[in-house]
Amino acid sequence: MELKKLALTESGNWSLVLTNGIEVELGDSEVMEKMRRLLATYAQGLSADFAQIKTIDMRYSNGFAVGWRSEKS
């Protein structure tokens, strides 16, 4: 997992893009805690499906949402 881009919007929300194209929304609060949660989940098994992920929304207080890439037909 490598960081390609880190951005802070005018409204104060942090987002990042990884080198594999995954977009991660972090929101405006508890950014470091959300990053720790993402890294821990990655180490616990999310890494196995990482190639299938398009977006990760970390703006929730006790979890996150994953947007999956659509399969090519």
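Up top is the structure these notes are about.
Note that the structure is predicted; figures quoted are calculated from it, not measured.

Chemist: Before we move on, could you go through the nonpolar core and cite the residues and values that matter?
Modeler: Of all hydrophobic cores here, the largest spans 13 residues; its most connected members are Ile 22, Val 24, Leu 26, Phe 50 and Ile 56. Contributions of two or more residues to this core are made by strand S2 (14-18), strand S3 (23-27), helix H1 (31-43) and strand S4 (53-57). Ranked by residue count, the leading element in this core is H1, at three residues. Leaving out residues up to four positions away in the same chain, Phe 50 has contacts with Met 1, Leu 18, Asn 20, Ile 22, Tyr 42 and Ile 56.

Chemist: So, the sheet that holds S2: which residues are in play, and what are the values?
Modeler: In sheet architecture, strand pairing relies on hydrogen bonds along the backbone and comes in two forms, parallel and antiparallel. Taken in spatial order, the five strands make up an open sheet running S1-S2-S3-S4-S5, and their pairing is mixed. On the outer flanks of this sheet lie strand S1 (3-8) and strand S5 (65-68), each paired with one strand and no other. Taking the axes of each pair of neighbouring strands and ignoring which way they run, one obtains an average angle of 15 degrees across the sheet.

Chemist: Describe the environment of Ser 61, with residues and values.
Modeler: Locating Ser 61 in the fold gives a position in the loop between S4 and S5. With relative accessibility at 64%, the residue Ser 61 sits in the exposed group. Once the C-alpha coordinates of Ser 61 and Glu 30 are considered, the two residues, 31 residues apart in sequence, prove to be 8.8 Å apart.

Chemist: Give a detailed account of H1, specifying residues and quantitative values.
Modeler: With 13 residues, H1 extends 19 Å from end C-alpha to end C-alpha; this agrees with the ideal 18 Å at 1.5 Å per step. Looking at the buried positions of H1, the neighbouring elements they touch are S2, S3 and S4. One or two residues past the end of H1 sits Gly 45, with phi positive at roughly 145 degrees.

Calculation rules
Residues numbered from 1 in each chain as written. Predicted model: local features only at pLDDT ≥ 70, side-chain atom pairs only at ≥ 80, totals over all residues. Heavy atoms only, no water. Core = buried A, V, L, I, M, F, W, Y, C linked by side-chain atoms within 4.5 Å. Buried < 20%, exposed > 50% of the residue type's maximum accessible area, 1.4 Å probe, protein only. Helix = DSSP H or I, 4+ residues; strand = E, 2+ residues; numbered from the N terminus. Contact = heavy atoms within 4.5 Å. Pairing = 2+ DSSP bridges. Axes fitted to C-alpha atoms, helices over the stretch in contact; angles between N-to-C directions. Expected span 1.5 Å × (residues − 1).

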